[in-house]
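# Results of the structural survey
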Amino acid sequence: MRVLLIEDEKKVASFIRRGLKEKGFAVDVVHDGEKGLFSAEINPYDLIILDIMLPGKDGIFICRQLRKKNIVTPILMLTARDDVEDKVSGLDSGADDYLTKPFEFAEFLARVRALTRRKGSPKITTLRVANLKLDQVTHKVTRAGKEIDLTATEYSLLEYLMLNANQVVTRTMISEHVWSEDFDSFSNVINVYVNYVRKKVDAGFSEPLIHSIRGTGYILKG
Ligand code: CA
């Protein structure tokens, strides 16, 4: 999952970024409204975390602009004040959820999870393909009941493949949803990580779940 964080308070931004990265999210951080709006328009994010009070353009304006352009990425708004008026105008501008600073990271993460769940099945937090199971809350991954130990990036990659099971996933799609902006898409990092994940998921099983599609990308199916 790739997240855009638009937050001018550097301390808050680095706290959020660190926490999300530990949970396997790829995070791009922007500190002003103008750049934030630009990034949100050109990249296919899975979630936008948007502070209301920003230099340049404020969060309400950014949210309205994105919705006007039919960008439907879930938006979680942040504000420093527990102000009903802010809350109302935030939600009216098209935000999906709202959180007042300061907040507990656990609550923040629960809201992030709710907003990034698979569309159409909001209550499902366990992904399954054949005998492979991934729990999006605990990050526990098992195959045929046996636990698989993954790093944050490996988890994020496998989650993305499972969310798109039975479909070909291109390297571009993977680089846009699993890695953040500072990632060098010309490197062979994706191949390397897919191989790590494949070793862990498919080793010892006669039926592999992760397949390469020559020249295109990968497919996870069972
Ligand atoms: Ca602010």
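In this text the structure is predicted, and so the values were computed from the model without any measurement.

### So, the side chain of asparagine 164
Residue position: asparagine 164 is located in the loop between α6 (152-163) and β10 (169-170). For asparagine 164, the side chain forms a polar contact with the main-chain oxygen of tyrosine 160, separated by 2.9 Å.

### Observations regarding the coordination of the calcium ion
Coordination of the calcium ion by the protein involves Asp8 (OD), Asp51 (OD) and Met53 (O), with metal-donor separations of 2.1 to 2.3 Å. Between consecutive donors of the calcium ion, the numbers of intervening residues give the motif D-x42-D-x1-M. Look at methionine 53 and you get exposed, because its relative accessible area is 56%.

### A closer look at the pairing of strand β3 (residues 47-51)
Among the five residues in β3, five count as buried, and that is most of the element. Neither face of β3 is exposed, since Leu47, Ile49 and Asp51 on one face and Ile48 and Leu50 on the opposite face are all buried. Of the pairings in the sheet, the one linking strand β1 (residues 2-6) to β3 comprises four bridges and is parallel in character. Looking at the pairing, valine 3 lines up with leucine 47 of β3. Relative to strand β4 (residues 75-79), β3 is paired through four bridges, and the arrangement is parallel. Residue pairing for β4: leucine 50 is matched across the bridge by methionine 77. Handedness of the β3-helix α3 (residues 59-68)-β4 crossover: right-handed.

### What to know about the domain arrangement of the chain
Split by domain assignment, the chain resolves into domain 1 (2-116) and domain 2 (126-220). The centre of domain 1, based on its C-alpha atoms, is set 27 Å off from the matching centre of domain 2. Taken together, the contact between domain 1 and domain 2 spans 15 residues of the former and 14 residues of the latter. The junction of domain 1 with domain 2 conceals about 1000 Å² of combined surface from both sides, 45% of it contributed by carbon and sulfur atoms. Where domain 1 packs against domain 2, one counts zero salt bridges. Our count for the contact surface shared by domain 1 and domain 2 stands at four residue pairs in polar contact (both at pLDDT 80 or more). Here the residues of the side of domain 1 that touches domain 2 sort into four nonpolar, three polar and eight charged.

### A look at helix α1 (residues 10-22)
Under the 1.5 Å per step criterion, the end-to-end length of α1 is 18 Å for 13 residues, consistent within 8% with the ideal 18 Å. For α1, the elements touching its buried residues are β1, β2 (26-30), β3, β4 and α5 (105-116). Immediately beyond the C-terminal end of α1, within one or two residues, lies glycine 24, with a positive phi of roughly 90°.

### Structural notes on the side chain of histidine 177
Its place among the elements puts histidine 177 in helix α7 (residues 171-178). Dropping the residues within four chain positions of it, histidine 177 is found in contact with Met1, Arg2, Pro44, Asp46 and Tyr160.

### Regarding the sheet that holds strand β11 (residues 210-213)
Strand pairs in the sheet, formed through backbone hydrogen bonds, run parallel or antiparallel to each other. Pairing in this open sheet of three strands is antiparallel, and the strands run β10-β12-β11 from one edge to the other. Edge positions in the sheet fall to β10 and β11, since each has one partner strand and no second. Alignment of β11 against strand β12 (residues 217-220), held across four bridges, turns out to be antiparallel. In the sheet register, isoleucine 210 faces β12, and the bridge partner there is leucine 220. Against the sheet, α6 touches β10, β11 and β12, its axis set at about 70° to β12.

### What to know about the packing of helix α2 (residues 33-42) against α3
The geometry of α2 relative to α3 is characterised by a closest axis approach of 10 Å and an angle of 20° between their N-to-C directions. Considering the angle they form, α2 stands roughly parallel to α3. Along this stretch, α2 crosses α3, giving a crossing that reads as right-handed. Between α2, through Gly33, Leu37, Ala40 and Glu41, and α3, the contact on the second element is made entirely by Phe61, Ile62, Gln65 and Leu66. Its residues placed into classes, the contact of α2 with α3 shows five nonpolar, two polar and one charged.

Cut-off values and rules
Residues numbered from 1 in each chain as written. Predicted model: local features only at pLDDT ≥ 70, side-chain atom pairs only at ≥ 80, totals over all residues. Heavy atoms only, no water. Helix = DSSP H or I, 4+ residues; strand = E, 2+ residues; numbered from the N terminus. Polar contact = N/O pair within 3.5 Å; in protein donor to acceptor, adjacent residues only side chain to side chain. Donors = N, O, S within 2.8 Å, 3.2 Å for Na, K, Ca; no water. Buried < 20%, exposed > 50% of the residue type's maximum accessible area, 1.4 Å probe, protein only. Pairing = 2+ DSSP bridges. Right-handed = clockwise from strand over helix to strand, strands pointing away. Domains from an automatic or database assignment. Contact = heavy atoms within 4.5 Å. Buried area = accessible area lost by both parts, 1.4 Å probe. Salt bridge = Lys/Arg side-chain N within 4 Å of Asp/Glu carboxyl O. Nonpolar A, V, L, I, M, F, W, Y, C, P; charged D, E, K, R; others polar. Expected span 1.5 Å × (residues − 1). Axes fitted to C-alpha atoms, helices over the stretch in contact; angles between N-to-C directions. Parallel < 35°, antiparallel > 145°, perpendicular 65-115°, else oblique. Left-handed = near helix turned anticlockwise from the far one by under 90°.

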